[in-house]
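Okay, here's what each chain looks like letter by letter:
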Amino acid sequence: MKTFYSPVHLDHDPEVQFEGGQLLPAVEIPVRAEKVRVALQARHIGPIVPPTAFADDTILAVHDAGLVTFLTEAWEAWTKRYGKNAGVAIPSSWPSHDMHADRLGWRRKADIEARLGSYASSTDTPIARGTWAAVREAVNVVLSAAAALKDGEKSVFALTRPPGHHASADVFGGFCYLNNAAIAAAWLVQAGLKPAILDVDYHHGNGTQSIFYQRSDVFFCSLHADPNFAYPHYIGFADERGEGDGEGFNLNLPLPLGTDWARYDEALKFAIGAIKHIGPDVVIVSLGLDTYFEDPIAGMKLKADDYLKMGARLADLHKPVLFVFEGGYCFDALGELAANVLESFQGAA
Ligand SMILES: [Zn+2]
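Everything quoted here is computed from the prediction, not taken from an experiment.

Colleague: I'm lost on the environment of Ala186 in this one. Help?
Modeller: Examined against the element boundaries, Ala186 turns out to sit in helix H7 (residues 180-190). Ala186 sits in the buried class, given a relative accessible area of 6%. With 32 residues separating them in the primary sequence, Ala186 and Val218 have C-alpha atoms 8.2 Å apart. When neighbours within four sequence positions are excluded, Ala186 is seen to be in contact with Val62 and Phe212.

See below:
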């Protein structure tokens, strides 16, 4: 299995994030992807290849032009306001529902604090010096992988960083700026294929859901921690089934705190059955590895061997699969977990 990877992700290296009332060391940092890359090489999963460049219109097929422009300008505007040695850009106020103002109008204002608050949904997603370069390159990585799949590869891995599944059309947050998996799905649709997205990250893929919620051409299914106790808190419930044309094309399978492999596999089998019923040409797996029992920001109980079982189970899809790297914060285990999924998928497919 080919892995698409670019060292440009190293440019996004924020020092801190604000969470739980504290300024904490950032957890979505370069070591994550590097640990995975090294493990894939050691386990001989397949060649690691650089991406080719894709034009901006592939992003604009999914994202609001204002968000994209903001992300390209944010760091410069932030340092212009707060000086060359400014810390990372994190919003401190938001346009709330009790303010009688047009939110989009606020975004057109020049003030960096107003723009930041109107595009960001959380304080854990800092913008630093190299953030945009890494975010933009991740799009090249995921689209290069999607193109390889379209050209006949049976499975490919996009080692994207930063992750993407919490980014919606016009809001960034949850460590995500642009939605890599959604951009790949939209590109595959343009290429004449019918993709489905299966999100196995610990957290609900709210951005991906929101992007395709009213569409029937991209089925979205997410297995995740119940939002009653987990981020993103406001979305990801079982009764969210899609809207309009998208009615019936969104499937959420929230899981309880402490979910182990037996419980997880039950939901995964159900998800695979639902995807087969839809009958896509290709499946995009948003591969978050924060379901691991030692993940510091999550609460499920999957063990390292369970990821071998996960890869084998995903082979039951009998479809070409584009794996896209999402979350996972137990740095010392990430490499093994990713290699386990990809190796067993490859062996069973
Ligand atoms: Zn996650």
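Colleague: Whenever I open this one, the layout of surface pockets confuses me. Can you help?
Modeller: To locate leftover empty space, one rolls a probe as large as a water molecule over the atoms. When its volume is computed, the largest pocket comes out at roughly 770 Å³. Put simply, the parts of the chain that give the lining of the largest pocket at least two residues each are strand S2 (16-19) and helix H8 (206-212). Residue classes in the lining of the largest pocket are distributed as 14 nonpolar, 13 polar and seven charged.

Colleague: Just to check I follow, could you spell out the pairing of strand S10 (residues 321-325) for this structure?
Modeller: Across a regular strand the side chains alternate sides, sitting on one face of the sheet and then on the other. Among the five residues that make up S10, five are buried, leaving the element largely enclosed by the rest of the structure. The alternating pattern of S10 places Val321, Phe323 and Phe325 on one face and Leu322 and Val324 on the opposite face, and all of these are buried. In the sheet, strand S5 (residues 155-158) pairs with S10 via four bridges, with the strands oriented parallel. Across the sheet, residue Ala158 finds its bridge partner in S10, namely Val324.

Colleague: Looking at this structure, I do not really get the sheet that holds strand S7 (residues 219-225). What am I missing?
Modeller: The strands making up a sheet associate through backbone hydrogen bonding, with each pair oriented either parallel or antiparallel. Read from one edge to the other, the open sheet built from eight strands follows the order S4-S1-S5-S10-S9-S6-S7-S8, with strand pairing classed as parallel. Across the chains shown, the open sheet's two edge strands, defined by having one partner strand only, are strand S4 (48-49) and strand S8 (250-255). As paired elements, S7 and S8 share six bridges and run parallel to each other. Within S8, the position partnered with Ala225 by the bridge is Leu255. In the packing of H7 onto the sheet, contacts are made with strand S6 (195-199), strand S9 (282-287) and S10, and the angle to S9 comes to roughly 170°. Helix-sheet contacts for helix H11 (residues 331-348) involve S5, S9 and S10, and the interaxial angle to S10 is about 175°.

Colleague: Hey, could you run me through empty space enclosed by the protein in this one?
Modeller: Following the criterion strictly, the structure yields two cavities of 30 Å³ or more and no others. In this structure, the largest cavity spans a volume of roughly 40 Å³. Together, Tyr5, Ser6, Val8, His9, Ala134, Glu137, Ala138, Val141, Leu159, Thr160 and Arg161 line the largest cavity. Of the residues in the lining of the largest cavity, the class split is six nonpolar, three polar and two charged. When its volume is computed, the second largest cavity comes out at roughly 30 Å³. In terms of lining residues, the second largest cavity is bounded by His12, Pro14, Gln17, Ala26, Glu28, Asp124, Pro126, Phe175 and Tyr177. Partitioned by chemical class, the residues of the lining of the second largest cavity number five nonpolar, two polar and two charged.

About the criteria used
Residues numbered from 1 in each chain as written. Predicted model: local features only at pLDDT ≥ 70, side-chain atom pairs only at ≥ 80, totals over all residues. Heavy atoms only, no water. Helix = DSSP H or I, 4+ residues; strand = E, 2+ residues; numbered from the N terminus. Buried < 20%, exposed > 50% of the residue type's maximum accessible area, 1.4 Å probe, protein only. Contact = heavy atoms within 4.5 Å. 1 Å grid on protein atoms, 1.4 Å probe; cavity = no way out; pocket = protein on both sides within 12 Å on 5 of 7 lines; lining within 4 Å. Points joined across faces, edges and corners; volume = space filled by probe spheres on them. Nonpolar A, V, L, I, M, F, W, Y, C, P; charged D, E, K, R; others polar. Pairing = 2+ DSSP bridges. Axes fitted to C-alpha atoms, helices over the stretch in contact; angles between N-to-C directions.

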